[in-house]
Amino acid sequence: EGQNAKLLVFLVAITQMSDVLQYVWGKLLGRHKVAPTVSPSKTWEGLVGGVLTASALGAGLWWATPFAPWQAGVVALAITLAGFFGGMVM
């Protein structure tokens, strides 16, 4: 109780890190476009690398949440996927 600020920081940190990591992985290994007509710079390699890395970071930040480490990782996975597919709608 009284830890809502930590949870908000977790949400923002995972969202931002996912975006940065998808960009980095896409620049390093990106070859296959996800949806070239919608967002020509998004690649499958960036998506997979960024989502997996940000999810692992989320599991590592479990202490900022009311969740167990594996639950924090699953929540981070949901956050990263929602952020990616939300960006595809733009």
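Everything quoted here is computed from the prediction, not taken from an experiment. (Residues numbered from 1 in each chain as written. Predicted model: local features only at pLDDT ≥ 70, side-chain atom pairs only at ≥ 80, totals over all residues. Heavy atoms only, no water.)

What to know about the packing of helix 1 (residues 4–29) against helix 3 (residues 69–88)
Put simply, helix 1 and helix 3 touch, their axes get as near as 9 Å, and they point 60 degrees apart. One element, helix 1, and the other, helix 3, form an angle in the oblique class. The way helix 1 lies across helix 3 gives a crossing that is right-handed. Contacts between helix 1 and helix 3 involve Phe10, Leu11, Ile14, Thr15, Ser18 and Gln22 from the first element and Ala72, Val75, Ala76, Ile79, Thr80 and Phe84 from the second. Considering only residue class, the contact of helix 1 with helix 3 consists of eight nonpolar, four polar and no charged. (Axes fitted to C-alpha atoms, helices over the stretch in contact; angles between N-to-C directions. Helix = DSSP H or I, 4+ residues; strand = E, 2+ residues; numbered from the N terminus. Parallel < 35°, antiparallel > 145°, perpendicular 65-115°, else oblique. Left-handed = near helix turned anticlockwise from the far one by under 90°. Contact = heavy atoms within 4.5 Å. Nonpolar A, V, L, I, M, F, W, Y, C, P; charged D, E, K, R; others polar.)

Comments concerning the confidence of the model for the chain
Confidence along the chain averages 91 in pLDDT terms, with 97% of residues attaining 70 or more. Averaged pLDDT values for the elements of the chain fall to 86 in strand 2 (residues 39–43) and rise to 96 in helix 2 (residues 44–60). (pLDDT = per-residue confidence, 0-100.)

Considering the layout of surface pockets
Considered as a void within the structure, the largest pocket measures approximately 230 Å³ in volume. Elements with a minimum of two residues in the lining of the largest pocket: helix 1, strand 2 and helix 2. At five residues, helix 1 tops the list of elements feeding residues into the lining of the largest pocket. Residue composition of the lining of the largest pocket, grouped by class: three nonpolar, six polar and four charged. (1 Å grid on protein atoms, 1.4 Å probe; cavity = no way out; pocket = protein on both sides within 12 Å on 5 of 7 lines; lining within 4 Å. Points joined across faces, edges and corners; volume = space filled by probe spheres on them.)

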